[in-house]
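Working through the structure, step by step
One-letter residues, chain by chain:
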Amino acid sequence: MKAFLAGLCHETSAFSPTPTSRRSFEEFVAYRPVDGRPSSEARALNGYSGFLRAADAHGDDVHVSFYSWAQPSAPCRQADYEALRDEILNDLRKAGPVDMVLLFLHGAQMSQQCDDCEGDLLSHVRAIVGGSVFVGALLDLHANVTTAMIDAADALVACRNYPHTDFDERAVELYELGRRAARGEVRPHMVFERLPMIGMFFTTEPQMAHANAAAFALEQQPGVLSVSLIHGFLWADMAQMGAGVLLVSDGVQPHLQPGVRAVAKAFFDARGETRALRKSLDDVLDRIESAPAAPKPFVIADACDNAGGGAGSDSTFILEAVLTRGQRGFAFGLLWDPIAVQFAQMAGEGGVLRLRLGGKTGPEAGRPLDVTARVLALKDNLSQVGIGFTAPVGAAAALEIEGNIVIVNDVRGQVFSPTCFSDLGVDIGAQRAVVVKSTQHFYDQFGPLAREILYCETPGALALDIDPSRYRNLRRPLWPLDPVDYTP
Amino acid sequence: MTKTVFFSSLMTETSSFSNLPTTLADYQSGLMRGDGCFFDADGRERTGAAPILAFARARGWRAVGGLVAQSTVGAPTQHRDYLALREEILDGVRAAQPAVVALGLHGAMMSTACEDCEGDLLAEIRALVGSATPIVVVLDPHAHLTDAMLKHASALVFMKEYPHTDGVERMQDALAIAGRMIDEGLSPTPSVFDCRLLGFFPTQRQPMRGFVDQLFEIERGPGVVSASFVHGFPWGDMPDAGAKVLVYTDGDHDLAGRVAQSLHDSIWAIKDQTGPPLISVDEAIALARAPRTAPLVLSDIADNPGGGAPSDSTFLLRALIEANIPNAAVGLVYDPQAVRLCHQVGRGGRLTLRVGGKLGPASGQPIDLDVEVVDVRKDAVMTFGADWRFGLGDTAWIRSCGVDVVLCSIRVQMYDPSGFSHIGLDPASRAVLVVKSSNHFQAAFEPIASDIRWVSTPGAIDFDFTRLAYTRLKRPMYPRVADPFAEPS
């Protein structure tokens, strides 16, 4: 059995202030094999690791191509996207005839002239390998699944958890599915049941956990190869943006339709759960101010300024409010501010300096704050490990500002791991509250450390109250913009 | 036992309106120690050392060098770094056990925990050498004259010229006073007149030239040991800031007071005629509207990085955009974050960019612009004259609302039109050029300019002293009040 692997992942926000180019794909998580064969480095990459573990177990012949995750940001320059796509396609041609093609894609990637990069890439792959070779893709659940993707691929499998802790397990499942298809044991067929809703859906909450359990139960039914809850990515401005349930069955199985709809209904019924978690900034700070002392900190998700959703990661709304209210004992991270990092390096550890902090990427970052800061610690070349990735943090500084701590860094990225704080000597357990610029992925490692998790709504780039007038290609009706219902 | 004259120097001009951190690293360039203070690596006598060596030779003494360190203008020096510098100087004094201490100080140095570093340093030295040992000091006139400085120094001699070309002569004056103290028992008796004046006093042009000549004249007169005009440093916010007259006589308090008063009267009479000729932002915009065949060059005088300014202020840029001035170019705006985003978009790309206003309050507010990235350069270089090459880091040329802006990633002032042309922007073809430089740009921009004007912009080096947000300087000061002497100080 001969398999070909490639990975090209970018969650594209139509409204991100951060542009995207080839450099964005080369500088975050990027791997390029020397001779088309997987190295030990390839085996450590999220997604590839599961594919390769399964392949090794069978003794399969594996060719690998470029693998990259770019930080979420605006649509990529067209020529750059095409160059990366063509690099993968050329490697596929060079690999010669294969039995299966397995791609790790995001599902919500756009370039400046293409709303559906995954559909485009999968169609090109199909054109090269022909109709009989298995083509499958592992997706982020924040995918916008299109008819082009479904037409071109044999099977699409999305991760199940948000935070996305299960790419590796899903990669193994997809590989096994593809292998059975390539051997003619099954004939994958896809059905996508769309849901008229957009939003964020945390699988750490009870109703979404129930929907996930329903999907898993359906997956155990005879004739079912895979069931994925597709959450959609709401900051993509495209007609096929949205949520749904994706079934991969063994051949056409009309009798599964009621089961798919029942899962979709459970998903639809959970739609308001995550939204209800969002608290206003004042409510969050009031709650912390009035709470008695405790050995564990509150963890506040600065959910709207998540670099992992394309935001600038330098908004100042929460910090400004904490300073204005005179609250103390907060630790903030990671605020992307290369100039502040450089100034802190100039002042040195123990140095005191006046800084203009944050608010530098655009209107959605709020106002820059003029503060006096003491440099507590400086570090170079930091990284963090989260949901299967090793992500660069870069040079960072811990700053003390009026009894609070702010971690600034020079590589824009969301907070996955408490090491973003502890690497700079900041003891999370000693804080009253820890504010992380992340929507939900922080939950995996911060959840166990938290006294309580508070999801804070701010006017940042990723506010859940989307403004439909900014979209040109929104297909209505859609919850929560319109009153809609879903009946199986 | 051979006696010793000890020399040391510590100089920086601290701006309260700059937030560029000043640390030990900033003092490393040109740092000298021991005999290195007097002789270069080839053993040649340094020009500045001549008065000290001459003083020692004439008396058969030895000259001992301590630490000579200086930093360009910036925010207050980190206090631990000031203490380290002070301690090295004090170690030198302890080791030398000098009969005379001769110092070169700026007079406007602040640390993050001390707003009068010179007063502090002089007190420490005085405690080491005792009350009888002459401590004479040459200072930059852009200084804050404080009681502590007066109390602990035997004589403070301020340079009279700006540009400061007379450091050697003033050290001769200072050591002459030390010599007379030893030989004649001279007792330098100071009188200070607080002019309650904030100003800027270049000394080449009249009427300021005549005032400096008057200082020399008075020093030649009977009974006067030394007469200094302390210009003050308006960008240092501390209680003693401002222009002052300092006159020393030999024990004659009345004479010192009379002379100081007369010098004050002289400077007061010309106070409105000393500064550089500046135009307001509104006047600059009016000039920018006039049709012309060669560029009007506007110096954004308050945002010169060579003077500790951020080089990313947005005041003139905003005015150009709001006035819809076509065919204008602004450079060099320090904004590495924006440059990075422009490089990601690449040539010909468009994006919404938050430009400038990122280093501190002196930067003004950032401007949100829809821009076209006209071009980008990696590791760009600005040339200046035959010998100078200034690295700009990555640069980007953006265009919005008819205004072109060249952004850079390394803070450096606009010395030369190549700051524009390196990226393909032809400065000679623009109607208006805004340069973030106050002086150095002149030589290279003059050949392409139809007119050069200096604009009184807000910012780190704001020349409109009525606008500066002082919190520590509380005395009534001209021009912040029309008659500061009508109010209690």
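Before going into details, it helps to say that this report is about the structure given with it. Residues take numbers from 1 onward in each chain, read along the sequence in its written order. The lettering of chains begins at A and the numbering of ligands begins at 1, in the order of writing. Confidence filtering applies because this is a predicted model: local features only for residues at pLDDT of at least 70, side-chain atom pairs given and counted only at 80 or more, and all residues used for totals across whole chains, interfaces and linings. Water and hydrogen atoms were dropped before computing side-chain values, which therefore reflect all heavy atoms in the structure.

**Points about the overall build of chain B**
The condition that has to hold: Helix and strand assignments come from DSSP, with helices taken as H or I runs of at least 4 residues and strands as E runs of at least 2, each series counted from the N terminus. Note on method: radius of gyration uses C-alpha positions; expected globular size equals 2.2 Å times residues raised to 0.38. Buried means the residue's accessible area, taken with a 1.4 Å probe over protein chains only, is under 20% of the maximum for its type, while exposed means over 50%, and partly exposed covers the values in between. Per-residue accessibility takes into account occlusion by the displayed protein chains alone, with areas from the Shrake-Rupley method and a 1.4 Å probe. Here Asp and Glu are counted as negative and Lys and Arg as positive; His is not counted, and neither are the chain ends. The atom standing in for a charge is NZ when the residue is Lys, CZ when it is Arg, CG when it is Asp and CD when it is Glu.
Of regular secondary structure, chain B possesses 12 helices and 18 strands. The C-alpha radius of gyration computed for chain B amounts to 24 Å, which stays within 12% of the reference 23 Å derived for 489 residues, consistent with globular compactness. The proportion of buried residues among the 489 residues of chain B is 61%. Total accessible area on chain B stands at roughly 18100 Å², and carbon and sulfur atoms take up 50% of it. Between the mean site of the 43 positive side-chain charges and the mean site of the 57 negative ones, chain B shows a separation of 3 Å.

**Let's talk about the nonpolar core**
For the record, the criterion: Nine residue types can take part in a nonpolar core, namely buried Ala, Val, Leu, Ile, Met, Phe, Trp, Tyr and Cys, and a core is a set of them joined through side-chain atoms within 4.5 Å. The contact definition used throughout considers only heavy atoms, calling two residues in contact when any of these lie within 4.5 Å.
With 124 residues, the main nonpolar core has A:Tyr48, A:Phe51, A:Val101, A:Leu122, A:Leu156, A:Trp235 and A:Phe421 as its most contacted residues. The contact partners of A:Phe421, leaving out residues within four places of it in the chain, are A:Ala331, A:Phe332, A:Gly333, A:Ile407, A:Val415, A:Val426, A:Ile428, A:Val434, A:Val435, A:Val436 and A:Phe446. Counting residues in each nonpolar core, the second largest holds 88 residues, with A:Ala347, A:Cys456, B:Leu433 and B:Leu468 among its members.

**Considering the packing of aromatic side chains**
What counts, and what does not: Only the six-membered ring of Trp is used, alongside the rings of Phe and Tyr, when aromatic pairs are assigned; centres must lie within 6.5 Å, and planes under 30 degrees apart are stacked while those over 60 apart are edge-to-face, with the rest tilted. In our convention, an over-ring charge means Lys NZ or Arg CZ found within 6 Å of a ring centre and within 35 degrees of that ring's normal.
Tallying each qualifying case throughout the model produces 38 aromatic pairs over all chains. Pairing A:Tyr31 with A:Tyr48 gives two aromatic rings, centres 6.4 Å apart and planes at 85°, and the pair type is edge-to-face. Of the two residues, A:Tyr31 sits in strand β2 (residues 29-31) while A:Tyr48 sits in helix α3 (residues 48-58), which places them 17 residues apart along the sequence. By relative accessible area, which is 3% here, A:Tyr31 ends up buried. Residue class for A:Tyr48 comes out buried when judged on its relative accessible area of 0%. Through successive ring pairs, a cluster of aromatic residues spans A:Tyr31, A:Tyr48, A:Tyr67, A:Trp69, A:Phe104, A:Phe167 and A:Phe389. The cationic tip of B:Arg59 hangs over the ring face of B:Trp61; the distance from NZ or CZ to the ring centre is 5.9 Å. The ring of B:Tyr478 has B:Lys271 lying over it, and the distance from NZ or CZ to the ring centre is 4.6 Å.

**Brief notes about the pattern of salt bridges**
Let me state the cut-off plainly: Note on definitions: salt bridges are taken to be side-chain nitrogens of Lys or Arg within 4 Å of carboxyl oxygens of Asp or Glu.
Applying the stated rule across the entire model yields 67 salt bridges over all chains. Note that A:Glu27 and A:Arg23 form a salt bridge whose closest N and O atoms lie 3.7 Å from each other. Of this pair, A:Glu27 and A:Arg23 both sit in helix α1 (residues 22-27), four residues apart, roughly one helical turn. Note on A:Glu27: relative accessible area 36%, which makes it partly exposed. With a shortest N-O distance of 3.2 Å, B:Arg180 and B:Glu184 are connected by a salt bridge. Here B:Glu184 and B:Arg180 lie together in helix α5 (residues 167-184), a separation of four residues that amounts to about one turn. Of the residues examined, B:Glu184 reaches a relative accessible area of 55% and is grouped as exposed. Sharing partners across several salt bridges, the network here consists of A:Arg22, A:Glu26, A:Arg32 and A:Glu87.

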